[in-house]
Structures are given as structure tokens and as C-alpha cells.
Amino acid sequence: MRRVGRSVVRCKRTRKYTPNTQRSSFSFNSNRLIHNTRPLYYSEQKTQSPTENDNEQPKLTVEQLQAELDKVQARNTELISAVANYDNLRKRAEELKMKEVKDAKDFGITNFAKSLLEVADNLERAQNAVPKDLGNNPVMKSFIEGVDMTQKGLMRAFEKNGLKRIDPMNEKFDPAFHQALFQVEDDSKPANTVCIVQQVGYTLQGRNLRSAMVGVSKKSPKPQEPKEEDK
């Protein structure tokens, strides 16, 4: 806008054309209008194509390949050994569990069986206490037959549940199933032979439940020959 005489004339302001490669900016410095023109740069990132040297991998020697193969084989052996050890551990755990279940089933009646041994002993004492000559007393005969039947039925029940009676008369002394109370001089039998049975023993599923109380034979001492000085 400019003044011409007394009238004001409005005029258009022309703007200088700047290309895209330049950017205009105006700033006031010391109250002066300064026109700064700065070129605009476009940074283009160029993708570098891989060279032939980048595609090439380092070559390994035969010794290096053999060393790597040995490492892989050693690792494979360790893994196979670990799997085998785990399998063996699992089998042992299963066997132990099955054995515990079987023992609980077989020997769960141990205390009950021990309590019945006294009943069997009393029946046997009653049988041995009856005199052989009863005469014509039918009451006593019926009583003895009843005791015999009860004792046989109890023995059958014992055998059915794995409980067996041990009567080691004239057998070799076995400390696993016999308990020696005394020794008897008897030259007619080999040494360490059971010659007296005071109380029979019992086994439960092959395991000693009660040892038999026995007397063991031994040889008589030989008489000493007189010495030549005493003659």
C-alpha cells in the first residue's frame, strides 16, 4: 500500500517464486528485514547390495569338522544315558511300589496270626494231655474228636493264608528258623541235630514268624587216654 498525493492506492504484493529445492524464511535482525534462502536437501538412503565377500561363509578344516562331530556325538551319548537312567529309575520305583503292595497284602495279618498261635498251642496241648486208654466213655471220645477237628480246621486256615507249621524233629539245626535252648549228648545222631522240640515254630509266606524252641544234640566227650608217665 502506498500513498499518492492525498489518496491511498492499494497494490498487490508480489511474491518471488522459489523452487522446491529452496525454502524461504524471514527473520528480523537489528530491525532490518533479511531474506535468507537455505537450500533443502533430501537425504536418500542408498541400500547397499551385499557383496560377494559377505555371502561367502568361512570354510572349516577337517579337524574342526571332526571336533564338532565329536561334540555332537558326546552330547548324544549323554542324552541317551540320561534317558536310560530315568527309565531304570522309573522301573525300580514301580517294582518297589509293587513289592510294598505285595508285602502289605502278605504280611498285613502278621499280628493277627501271632495272636492265633497261642490258640493252636493250647489245642495241641489238649491233644497231648488226653490219655490213650479212655475205655468205653463216649463223652470223652466225642470231646477228643471235636478238639482234633478244631485243630485240623485251624491248620487248614493257616495254610490257606500262607502260615505253615515247623516241626524240625531230627532235622539239622537252622538258626534262621530254630532257637536252641540246650544241648543234649547223643552219639546216635550227628552233631547239631534237633533231638527235642519243646515248641513248634511257624512261618508266614516263607518268613519266620516264630522260631521253634528246640534242643540240639552234641557228641559225648572222648575219654582221655592215660599218659605214659602215669603208667
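Since the model is a prediction, treat every value here as computed from it, not as a measurement. (Residues numbered from 1 in each chain as written. Predicted model: local features only at pLDDT ≥ 70, side-chain atom pairs only at ≥ 80, totals over all residues. Heavy atoms only, no water.)

1. A word on the overall build of the protein
When helices and strands are counted, the protein shows four helices and 10 strands. The order of α-helices and β-strands along the protein, N terminus first, is β-β-β-β-α-α-α-α-β-β-β-β-β-β. The buried share among the 231 residues of the protein stands at 16%. A fraction of 56% describes how many contacts in the protein between residues 6 or more apart in sequence connect residues 24 or more apart. Carbon and sulfur atoms make up 52% of the accessible area of the protein, which totals about 20,400 Å². (Helix = DSSP H or I, 4+ residues; strand = E, 2+ residues; numbered from the N terminus. Buried < 20%, exposed > 50% of the residue type's maximum accessible area, 1.4 Å probe, protein only. Contact = heavy atoms within 4.5 Å. Areas by Shrake-Rupley, 256 points an atom, 1.4 Å probe, with all protein chains shown as cover.)

2. Observations concerning the pairing of strand E10 (residues 212–218)
For a regular strand, the rule is simple: side chains alternate between the two faces of the sheet. For E10, the tally of buried residues reaches five of seven residues, placing the bulk of the element in the interior. Note that strand E6 (residues 178–185) and E10 share seven bridges and pair parallel. Residue pairing for E10: His178 is matched across the bridge by Ala212. Bridging between strand E7 (residues 194–199) and E10 involves four bridges; their strand directions are antiparallel. Bridge pairing links Gln199 to Met213 in E10. (Pairing = 2+ DSSP bridges.)

3. Digging into the confidence of the model for the protein
Put simply, the protein has an average pLDDT of 77, and 71% of its residues get 70 or more. Taking the mean pLDDT of every element in the protein, the minimum, 46, falls on strand E3 (residues 22–29) and the maximum, 93, on strand E8 (residues 201–204). Long-range and interchain partners of residues 20–47, a stretch whose pLDDT sits below 50, account for 26 contacts in this model, where long-range means more than four residues apart. (pLDDT = per-residue confidence, 0-100.)

4. Considering unusual backbone geometry
Phi is mostly negative for residues that are not glycine, and the peptide bonds are mostly trans. We note that Asn192 has phi near 60 degrees; this positive angle belongs to a residue other than glycine. Take Asn192: it is sitting in the loop between E6 and E7. Non-glycine residue Gln205 carries a positive phi angle of around 55 degrees.

5. Section: the sheet that holds strand E9 (residues 207–210)
Spatial ordering of the open sheet is given by E5-E8-E9, a layout of three strands whose pairing is antiparallel. Only two strands of the sheet have a single neighbouring strand rather than two, namely strand E5 (163–166) and E9. For this sheet the average axis-to-axis angle between neighbouring strands, irrespective of direction, equals 35 degrees. Set on the sheet, helix H3 (residues 110–129) makes contact with E5, E8 and E9; between it and E9 the angle comes to about 55 degrees. (Axes fitted to C-alpha atoms, helices over the stretch in contact; angles between N-to-C directions.)

6. A closer look at the sheet that holds E10
Read from one edge of the open sheet, three strands run E6-E10-E7, paired in mixed fashion. Looking at which strands have only one partner, the edges of the open sheet turn out to be E6 and E7. On average, each strand axis in the sheet is tilted by 25 degrees relative to the strand beside it, whichever way the strands run.

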